Amino acid sequence: MIKSCNKTIQDISVIILTFNEEIHIRRCIGNARKFAKEIFVVDSYSTDRTVEIATAMGVKVYRNEWVNYSRQFNWALENLPITTEWIWRMDADEYLSESLINELSKRLPYVDGGVNGFTAPCLRIFMGRYIKHGIVPLILLRLFRKGFANCENRLMDEHIQVSEGIVENLNEPFYDDNLNGLTWWTTKHNNYATREATDLLMTEFGMIDNKINSGAHTNRVRKGKLLYVKMPLFLRAFVFFIYRYVFRLGFLDGKEGFLWHFLQGWWYRTLADAKVYEIKKRFNFDDEKIKSYIRHEYGL
């Protein structure tokens, strides 16, 4: 361990994938410096000041053409000159809480050799407000031992998975806090909905393995998705919204809570269902033709 500016720096490298993240990158790198020995930015040819800012902050920046998140992150694992024992995957719009940074300093130096990954709770901030109700924290595997993990090859909802060993849980949170506006958010989720539609179809047809060594929470979520795909199109998105907004008290988070649950819990999922329906209708609801289309379209 290295003591720097009264913060305990761990034997961790942070990998940040970027494309036009000038609004976030300074905050992200500043946060990573509180706990990481090395920081790497892998940029997919941003057209804004992302690379300029990262370089000025003394961060190692690499560039690689974007295909999808899985391929980009696995390229980073295979090509970056990482010398640390541990790696943290960090999105540019994320930052670790001070309590999580302190937890890392207390636990990581004494971790058992059979532990190769750690999950941590991800809390969402939307339009400047912490969304406390209606959803449970995502428990994501973000810290792993070098050489023992990669990103699963999946179009949507891709996770880090460890090849062997134990996955333990960190208790303190990190935050997903995107500073872009609603126009950016809806455009992004329109693109997400295309990938989500394909993922839903692949799940429905049993074309992907939903079991991975990424922590118990991820597998519980994947089991929930198996139940979700069996529900009728469009009705399932409405039920999901009512469950979160009413029964899980999402309405307690005010206007921001309503917008979050409506847009992310209903609009986005209805849009994904509309794209599922569009694909099914194009092939006259012939399952074999749909599966053939998916294999061809995504090189499976």
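Residues numbered from 1 in each chain as written. Predicted model: local features only at pLDDT ≥ 70, side-chain atom pairs only at ≥ 80, totals over all residues. Heavy atoms only, no water.

### Considering the packing of helix α7 (residues 235–247) against helix α8 (residues 254–282)
Closest axis-to-axis distance for the α7/α8 pair is 8 Å, and the angle between their directions is 165°. One way to sum up the angle between α7 and α8 is to call them roughly antiparallel. Of the two elements, α7 crosses α8, and the hand of that crossing is right-handed. Of the residues in α8, those in contact with Arg-236, Ala-237, Phe-238, Phe-240, Phe-241, Arg-244 and Tyr-245 of α7 are Gly-257, Phe-258, Trp-260, His-261, Phe-262, Gln-264, Gly-265, Trp-266, Arg-269, Thr-270 and Asp-273. Residues of the contact of α7 with α8, tallied by class, amount to nine nonpolar, five polar and four charged. (Axes fitted to C-alpha atoms, helices over the stretch in contact; angles between N-to-C directions. Helix = DSSP H or I, 4+ residues; strand = E, 2+ residues; numbered from the N terminus. Parallel < 35°, antiparallel > 145°, perpendicular 65-115°, else oblique. Left-handed = near helix turned anticlockwise from the far one by under 90°. Contact = heavy atoms within 4.5 Å. Nonpolar A, V, L, I, M, F, W, Y, C, P; charged D, E, K, R; others polar.)

### Topic: helix α5 (residues 182–204)
Taking 1.5 Å per residue, 23 residues should reach 33 Å; α5 reaches 31 Å between its end C-alpha atoms and fits that length. Looking at α5, one finds that the buried residues are Trp-185, His-189, Ala-193, Glu-196, Ala-197, Thr-198, Asp-199, Leu-200, Leu-201, Met-202 and Thr-203. Where α5 is buried, its residues touch β7 (115–126), α6 (216–229), α7, α8 and α9 (287–297). Just beyond α5, the residue with positive phi is Gly-206, at close to 65°. (Expected span 1.5 Å × (residues − 1). Buried < 20%, exposed > 50% of the residue type's maximum accessible area, 1.4 Å probe, protein only.)

### Structural notes on α6
For an α-helix, the turn length of 3.6 residues means that residues three or four places apart are oriented alike. The end-to-end C-alpha distance of α6 is 21 Å, a good match for the 20 Å that 14 residues give at a rise of 1.5 Å each. Taken as a whole, α6 has its buried residues at His-217, Thr-218, Arg-222, Lys-225, Tyr-228 and Val-229. Buried residues in α6, looked at end-on, bunch into an arc of 135°, giving them a common side. Opposite the buried face of α6, by more than 90 degrees, sit the exposed residues Ala-216, Arg-220, Lys-223 and Leu-227. Summarising the contacts, the buried residues of α6 are in contact with β9 (138–145), α5, α7 and α8. (Arc of directions from axis to C-beta.)

### Digging into a nonpolar patch on the surface
Together, Phe-234, Tyr-277 and Phe-285 make up an exposed nonpolar region whose accessible area comes to about 290 Å². Topologically, Phe-234 is positioned in the loop between α6 and α7. Of the residues examined, Phe-234 reaches a relative accessible area of 35% and is grouped as partly exposed. (Patch = residues over 30% accessible without salt bridge, like charges linked within 9 Å, V, L, I, M, F, W, Y side chains within 5 Å. Areas by Shrake-Rupley, 256 points an atom, 1.4 Å probe, with all protein chains shown as cover. Salt bridge = Lys/Arg side-chain N within 4 Å of Asp/Glu carboxyl O.)

### Considering the packing of aromatic side chains
Following the criterion strictly, the structure yields 23 aromatic pairs and no others. For the ring pair Trp-66 and Tyr-69, a centre distance of 6.1 Å and an interplane angle of 85° mean the geometry is edge-to-face. Given a relative accessible area of 43%, Trp-66 falls into the partly exposed group. By relative accessible area, Tyr-69 is classed as buried at 13%. Relative to Phe-174, the ring of Trp-88 has its centre 6.0 Å away and its plane inclined at 85°; by these criteria the two rings are edge-to-face. Of the two residues, Trp-88 sits in strand β5 (residues 86–91) while Phe-174 sits in strand β13 (residues 174–177), which places them 86 residues apart along the sequence. Its relative accessible area of 0% is what places Phe-174 among the buried residues. An aromatic cluster of three or more residues is present, and its members are Phe-238, Phe-241, Tyr-245, Phe-251, Phe-258, Phe-262 and Trp-266. Here the guanidinium or amino end of Arg-282 rests over the ring plane of Tyr-293, the centre of that ring lying 5.2 Å away. (Phe/Tyr/Trp six-rings, centres within 6.5 Å; stacked < 30°, edge-to-face > 60°. Lys NZ or Arg CZ within 6 Å of the ring centre and 35° of its normal.)

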